[in-house]
Amino acid sequence: MADADVIPIGSGGRPGRGSGRRTTPSAAARALAGPEAAKARAAKSQSRRKLDEPPPPEPAVQAAAEPDPGEMQNFAGFEKFVRETFGADGEAKIAEFLAFLRRRLTGEYEVDEFGYDSELTDQVILSVLRPLAEKWFRVEVRGVENIPDTGGALIVANHSGTMPLDGLITQLIVADHAHRPLRTLAADLVFQTPFVGELARKGGATLAGNDDAERLLSRGNLVGVWPEGFKGIGKPFSERYKLQRFGRGGFVSAAMRTGVPIVPCSIVGAEEIYPLVGNMASLARLLGVPYIPITPFFPLLGPLGLIPLPSKWLIEFGEPIRTDDFAEGAADDPMLVFNVTDQVRETIQQTLYALLMQRRSVFF
């Protein structure tokens, strides 16, 4: 019975000769190995189906991923830096500045017929001057209420300091305290200087002549003028706070023709930023400039000598002098124009003396 169950296997499936025999597993062995073999066959079949099927889609990325603690810490640090640097409204200022850059790149800004770019002036020029006025010169302002809230007016100030920083600081003070732009009258040399002339026009300056002054005043602008000109800013330190001649009074006739008030402005502190002790007159004539200054630090210290000294500034705006009461044609009367010019000059001079008495120290 046992031999009947043995089936010899040869080549081609026929019984073969030879002593070696291979046998098929018995029924009992197949029964014992059945469950495990079935599992193996099922796994192999399943893996074959997986190879034939397309791969499943990748799981979608979550819309709100968990924030990285390191990135959150960096953002918090940047937020703190913005708050400390620009104040509580730092984000709004940064957004405003980025919008400003976009408008500059796309050309979406306006320039008036004089070349004045109000946005560039507010965002760049005055922003650069503000720390200088507040932290370095510590400007104290008086009499801002004498600047008209609306309508045209002519602000007349003394000029000093070797470099015309007093005009720029006055422009900043009027913008910050009276909340109005100040259009300034500048000398021809300013507009003949490369880059400086273009920047001056964009900052609101125009040629110091009656035509431009009257056009600006008649349109309700605040106009600033420094009648001493180069004689004022280029005078020796020994003559500080002594007003030079105010010219022929062209600014007064412009105010009379437009009927706007004249606001005297007295500036103390600008005389000490670059104490002028000498002048390279020969070199100045060769270069075609009014003067080349010699100060205690320039040209001895080179570029470092161009840093202004941190003097304490006082700026006072006096009571307006009305011009709308004059009869028609008064601007053509040279004697009357001279008298009003002298009145403005004397008002500024007396105010300078009073402010000098009140100032405790040049630098403190």
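One structure accompanies this document, and this report is about it. (Residues numbered from 1 in each chain as written. Predicted model: local features only at pLDDT ≥ 70, side-chain atom pairs only at ≥ 80, totals over all residues. Heavy atoms only, no water.)

### Notes on unusual backbone geometry
Here comes step 1: Cis geometry marks the peptide bond from Phe298 to Pro299; its omega dihedral reads 5°.
Here comes step 2: Of note, Pro299 is situated in the loop between strand E8 (293–294) and strand E9 (314–317).
Here comes step 3: The residue His179 is not glycine, and still its phi comes out positive at about 60°.
Here comes step 4: Here His179 is to be found in the loop between helix H5 (165–178) and strand E3 (182–186).
Here comes step 5: Phi at Phe195 takes a positive value of approximately 70°, unusual for a residue other than glycine.
Here comes step 6: By the secondary structure assignment, Phe195 is in the loop between helix H6 (188–192) and helix H7 (196–202). (Helix = DSSP H or I, 4+ residues; strand = E, 2+ residues; numbered from the N terminus.)

### Focus: the pattern of salt bridges
Opposite charge on two side chains permits pairing when their charged atoms draw close.
Here comes step 1: Applying the stated criterion across every chain yields a total of 18 salt bridges.
Here comes step 2: A salt bridge links Glu119 to Arg103; its shortest N-O distance comes to 2.5 Å. Highlighted residues: Glu119 in helix H4 (residues 118–136) and Arg103 in helix H3 (residues 90–106), separated in sequence by 16 residues.
Here comes step 3: Overall, the relative accessible area of 22% leaves Arg103 in the partly exposed class.
Here comes step 4: Put simply, Lys202 and Glu198 hold a salt bridge, and the shortest N to O gap is 3.8 Å. One end of the pair, Lys202, and the other, Glu198, are both in helix H7, four residues apart, so they sit about a helical turn from each other.
Here comes step 5: Look at Glu198 and you get partly exposed, because its relative accessible area is 48%.
Here comes step 6: Put simply, Arg103, Arg104, Asp117 and Glu119 are held in one network by salt bridges that share partners. (Salt bridge = Lys/Arg side-chain N within 4 Å of Asp/Glu carboxyl O. Buried < 20%, exposed > 50% of the residue type's maximum accessible area, 1.4 Å probe, protein only.)

### A closer look at H4
Here comes step 1: The end-to-end C-alpha distance of H4, which contains 19 residues, comes to 25 Å, matching closely the 27 Å that a straight helix rising 1.5 Å per residue would cover.
Here comes step 2: The largest bend in H4 comes to about 40°, at Leu126.
Here comes step 3: The set of residues buried in H4 consists of Glu119, Leu120, Thr121, Ile125, Leu126, Leu129 and Ala133.
Here comes step 4: Downstream of H4 by one or two residues, Arg138 has phi in the positive range, about 50°. (Expected span 1.5 Å × (residues − 1). Bend = angle between axes of the 7 residues up to and from the residue.)

### Here's the deal with the packing of H4 against H5
Here comes step 1: At their nearest, the axes of H4 and H5 sit 10 Å apart, and the two run at 105° to each other. It follows that H4 is roughly perpendicular to H5 by the angle criterion. Between H4 and H5, the residues in contact are Thr121, Leu126, Leu129, Arg130, Leu132 and Ala133 and Leu168, Ile169, Gln171, Leu172, Ala175 and Asp176, respectively. (Axes fitted to C-alpha atoms, helices over the stretch in contact; angles between N-to-C directions. Parallel < 35°, antiparallel > 145°, perpendicular 65-115°, else oblique. Contact = heavy atoms within 4.5 Å.)

### Details of the sheet that holds strand E6 (residues 262–268)
Paired through their backbone hydrogen bonds, the strands of a sheet run either parallel or antiparallel.
Here comes step 1: Read across the open sheet, the seven strands follow the order E1-E9-E6-E2-E5-E3-E4; overall the sheet is mixed. In this open sheet, the two edge strands, each paired with only one partner strand, are strand E1 (140–142) and strand E4 (205–207). Averaged over all neighbouring strand pairs, the angle between strand axes comes to 25°, with direction disregarded.
Here comes step 2: Note: E3 against strand E5 (residues 222–225), three bridges, orientation parallel. Paired with Thr184 across the two strands is Gly224, which belongs to E5.
Here comes step 3: The sheet contacts of helix H8 (residues 210–218) involve strand E2 (153–157), E3, E4 and E5, and relative to E4 the element is tilted by about 135°. (Pairing = 2+ DSSP bridges.)

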